[in-house]
Amino acid sequence: MHHRSRVLNKMRRTRLALIMAALQAASASALAQSDAVPAFKQVDSIEARVQGCVTCHGQRGQGTNNGYFPRIAGKPAGYLYNQLIAFRDGSRRYSPMNYLVAYLPDAYLREIAEHFAKQRPPFAAKETAPVDSATTARGQSLVTAGEPSKGIPACIACHGAGLTGMEPGIPGLVGLRPTYIVAQLTRWRVGDRHAAEPDCMKRVAVRLTDADIAAVAAWLSQQAAPKDPSPESSNLVRMPFACGSQR
Amino acid sequence: VSKLRLGLRILVALAVLAVIAIGAIVWMHPGALPNNPKAVATNATTQVINRGEYLARAGDCVACHRMPNGKAFAGGRPMPTPFGALYVPNITPDDDTGIGKWTADDFYRMMHTGVSRDGTLLYPAMPFASYTKVTRADCDAIFAYLMSVTPVKQQNRRHELKFPFNKRDLLLGWRALYFNEGEYAADAKQSAEWNRGAYLVQSLGHCAMCHTAINALGGSSESKAFEGGMIPNQNWYAPSLTSNREAGLGNWDIQDIADLLQVGASHRGTTYGPMAEVVYNSLQYLTDEDVKAMAVYLKALPQRDTEPPPTSQARLVNPTVMEMGRKAYATQCAVCHGDEGKGNAPAYPPLAGNQSITMSSPVNSIRMVLNGGYAPGTKKNPRPHGMPPFSHILNDDEVAAVVTYIRVAWGNSGTPVAPAQANELRTLLPE
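Residues numbered from 1 in each chain as written. Chains lettered and ligands numbered in written order. Predicted model: local features only at pLDDT ≥ 70, side-chain atom pairs only at ≥ 80, totals over all residues. Heavy atoms only, no water.

Structural notes on the interface of chain B and chain A
Bring the parts together and some accessible area is lost; that lost area is often taken as the interface size. The interface is formed by 36 residues belonging to chain B together with 31 residues belonging to chain A. A buried area of about 2,700 Å², summed over both sides, lies between chain B and chain A, and 62% of it is on carbon and sulfur atoms. Linking chain B to chain A there are one salt bridge. There are eleven residue pairs in polar contact (both at pLDDT 80 or more) connecting chain B and chain A. Looking at the side of chain B that touches chain A residue by residue, the classes come out as 21 nonpolar, twelve polar and three charged. (Contact = heavy atoms within 4.5 Å. Buried area = accessible area lost by both parts, 1.4 Å probe. Salt bridge = Lys/Arg side-chain N within 4 Å of Asp/Glu carboxyl O. Polar contact = N/O pair within 3.5 Å; in protein donor to acceptor, adjacent residues only side chain to side chain. Nonpolar A, V, L, I, M, F, W, Y, C, P; charged D, E, K, R; others polar.)

Focus: the state of the cysteines
For the coordinates displayed, the defined rule picks out one disulfide over all chains. Here Cys200 of chain A connects covalently by a disulfide to Cys243 of chain A, the sulfurs 2.0 Å from one another. A torsion of 115° about the S-S bond marks the disulfide between Cys200 of chain A and Cys243 of chain A as right-handed. Taken together, the residues Cys200 of chain A in helix H10 (residues 200-205) and Cys243 of chain A in the segment after helix H11 (210-221) connect sequence positions 43 residues apart. Accessibility classification places Cys200 of chain A together with Cys243 of chain A in one group, the buried group. The structure places no disulfide on Cys155 of chain A, whose sulfur is separated from the nearest cysteine sulfur, that of Cys158 of chain A, by 9.1 Å. Its sulfur unpaired, Cys207 of chain B is 9.0 Å from the next cysteine sulfur, which belongs to Cys210 of chain B. Looking at Cys207 of chain B, the relative accessible area reads 19%, which means it is buried. (Disulfide = S-S within 2.5 Å. Helix = DSSP H or I, 4+ residues; strand = E, 2+ residues; numbered from the N terminus. Buried < 20%, exposed > 50% of the residue type's maximum accessible area, 1.4 Å probe, protein only.)

A few points about a nonpolar patch on the surface
All names here are of chain B. A surface patch of nonpolar side chains, amounting to about 890 Å² of accessible area, comprises Leu6, Leu8, Ile10, Leu11, Val12, Leu14, Val16, Leu17 and Ile20. Residue position: Leu8 is located in helix H1 (residues 2-28). The exposure class of Leu8 is exposed, given its relative accessible area of 54%. (Patch = residues over 30% accessible without salt bridge, like charges linked within 9 Å, V, L, I, M, F, W, Y side chains within 5 Å. Areas by Shrake-Rupley, 256 points an atom, 1.4 Å probe, with all protein chains shown as cover.)

In structure tokens form, the structure reads like this:
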């Protein structure tokens, strides 16, 4: 009898814990999801005009709880503008984006880019996917030191000491999820994604292996939010490769 | 005294010299061009080329004769058709790879009869069934313009059509069935404005290419003109322009029709997808007078409904579905389109009483919910509002429910949509 009530008690507690966990998960997802729901104050405003972006990139460009869509807030305006133009003209291929911006003029794409470049929303909690320490170490070493024997420069050499990017054309890497980073580096390596010539990122990507890419993506996704999320000023440093997007 | 006089004379002489010098500087300085553009005389050739450029815009040549990100008129763009891929030719004036060696007669024959310079029959992806109605003078102006653009050396690609469609002789049969040669003939009973609109819609505008159903042979019959149909390979539905239950414009204001065509957004509805492309590349460049003429003609098209309105039985909606749709609408849609579906036009189109929502084909509404869309950025609306995609947020049941909801709520007269229809369109790439 006593034993039975203890079991029942334990079951009740487990059930309660499960319900609590489910509730927490639901509220977390509702919170994250609410960032992805259209909302604005005034119709004649840039906030209202960029509602076409928010279900994937979040109200302020912070990203959403979807694993793929990247954070765009605070990336240099020049970089965001180059991407919008490339999506519109088809030189960067991702059909949902190609379709959305197909008939938008340069000046408007510039305005949209500048809007999201100015945003400073908080960063999402970092990912806690288990990665073995060897992979983490390899990722950290590639990001911070590169691998000179293979001609691989450190990510921080161009993407900024705080990995927040560099004006005008180099994106920040903090706050991006591993799926997105792996997909982009792989696309660059196989020649599916390009930047303005000379395409410095291509020169880096072709020197990376699948394992390198996975390690870099894993380490980047584990980094804490930067104190100052703003991109570095242009050309404070000599970059290891010439980049068309910095001209 | 004489010294004083001499000094005075020298001063006067210097003053005169200074005035002359200043005058010379002012007179010789180029300055800005006069403000009035009419003061700049354009010779006859320039006028013809300018008119040709305008008409080439009205014909939307670049929509096909340019690769995305490619040089205008250099061709190369693959056009998927149900019969295989066609590759659009180079129409820049390059002697070897373009139309540099063509004459105005060659060009007119091609536009008017669909026969190329060397006698080859053109595939009807080139809208010569519409362009046949273009006047000789307008064809000559377009030709003069095309001759004036920068030649691009770019070899044409061979078409990749399946047998038997790769046999051009078959086109003789197609032409016998579907091609009526002849320039536009004005209707004396109608106004000059109506005739101008009819000319632009029927000839250069080649609206019938999408807004008239295309049958299994890639032909469309004149008796069904503007009755609407699916656009092959694009999976958008081009609504009927002759039915007030679709995009029939019988009860629209002229200004709203003109805005839809030229601005891309109006108080009654907004253009997305293939029609946004037409506005972006072509119609936004037309004059207010020409756009109004098109609106006058389109509004006056005879109204004929090809099918009866849906029965009340066909309009019955499962209450669970309705509730699911209402919830999704309240969460995701109402912020822009309003609780009562009234929208906030022209930024956010109304859904209540909107024919493009209630028309029998739900394809466009489903696509908008899945992929979102921006109205085209035009001279009169350079910063359009846009709708976000929901394909990653709503599942097939929810997409079908919310589209069902907007088709029947607020007195809308549409019919419910099945989740399978949402699923079918989800698997397609947005374009």
